[in-house]
Amino acid sequence: GNSRFGPASRYGLFPSISTRWRVSGEKFMKKIKWINDLSIRLSYGQSGNAPRNDYTYYSQYNSFGWAYQGQSGVYQSSIELTHLKWEVIHGQNLGFNLQMFKNKINVDLDIYRNRTKDLFNYGLQIPTYTGFSSVDMNYGVLDNQGWELNVMTKVVNKKKITVDFNFNIAQNQNIIREVSPFYKTQNGDVTTNGSYMTLLQINNPFGSIYGYRYLGVYKDVESTIA
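In this text the structure is predicted, and so the values were computed from the model without any measurement. (Residues numbered from 1 in each chain as written. Predicted model: local features only at pLDDT ≥ 70, side-chain atom pairs only at ≥ 80, totals over all residues. Heavy atoms only, no water.)

Visitor: Let's hear about the overall build of the protein: which residues, and what values?
Guide: From N to C terminus, the protein includes one helix and 14 strands. For the protein, whose C-alpha radius of gyration is 28 Å, the value lies well above the compact-globule estimate of 17 Å for 226 residues. In terms of overall dimensions, the protein has a C-alpha envelope of 95 × 75 × 35 Å along the principal axes. The buried share of the protein, taken over its 226 residues, is 22%. As displayed, the protein has an accessible area near 16,500 Å², and 54% of this comes from carbon and sulfur atoms. The centroid of the 24 positive side-chain charges in the protein is displaced by 16 Å from the centroid of its 16 negative side-chain charges. (Helix = DSSP H or I, 4+ residues; strand = E, 2+ residues; numbered from the N terminus. Rg over C-alpha atoms; globule rule 2.2 N^0.38 Å. Buried < 20%, exposed > 50% of the residue type's maximum accessible area, 1.4 Å probe, protein only. Areas by Shrake-Rupley, 256 points an atom, 1.4 Å probe, with all protein chains shown as cover. Lys, Arg positive; Asp, Glu negative; His and termini not counted. Charge placed at Lys NZ, Arg CZ, Asp CG, Glu CD.)

Visitor: Let's hear about the nonpolar core: which residues, and what values?
Guide: When a protein is soluble and globular, its nonpolar side chains tend to lie buried together. In this structure, Phe-5, Leu-81, Leu-84, Trp-86, Val-88, Phe-120, Ile-126, Phe-132 and Val-135 together form the largest nonpolar core, which totals nine residues. Judged by nonpolar contacts, the second largest core, of five residues, contains Leu-119, Tyr-139, Leu-142 and Leu-200. (Core = buried A, V, L, I, M, F, W, Y, C linked by side-chain atoms within 4.5 Å.)

Visitor: Could you give an account of the sheet that holds strand β12 (residues 197-199), naming the residues involved and the relevant values?
Guide: Taken in spatial order, the three strands make up an open sheet running β11-β12-β14, and their pairing is antiparallel. Looking at which strands have only one partner, the edges of the open sheet turn out to be β11 (186-187) and β14 (209-210). As defined by bridge partners, β12 adjoins β14 across two bridges and the pair is classed as antiparallel. In the sheet register, Thr-198 faces β14, and the bridge partner there is Ile-209. (Pairing = 2+ DSSP bridges.)

Quick look at the structure:
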């Protein structure tokens, strides 16, 4: 539980589970001597994030810095956020471990997807006729997904000298899946040299940039006039 939430969303439950199958320990693998270890890992888990600001589920009031006939006016300074929810990360991972030739070659491969639901946005712009210009709220769903391959080799392993070669390659993408209609999805323009437009589009990478396609440039004044 976290007291930064209202009573309706104060408590969260975030379970996790993982398992591993050591394939190399099975009977059908006994004849393959050059494999020292082969394992398959699978895991799923959740973790929750609380908002960074205190007392957001209260409607707070302040007084103006001036008075009229000895009395100071009072105004509502914050929105009562009774429906703000936990930001929850759903993590999924599939992994493979392979050790070969008396552990001289180790290969690790992980494929993952972390889906964040009910993303927090602080200061999300809203119409000012509400009496406020911004609000903290849950605004969307974001996927952080990719894979990573790590290869470690021990070429020479003697008392006086050890030679290792390691190789690592990975790919990661942040893809927006859902977004609030109040969230600003467009920035920049394409009319200025060196300036790019950024658009937030569903099922596209977060922070993608866009520009016009062009065929080329005019090579001289005559071409420009033509």
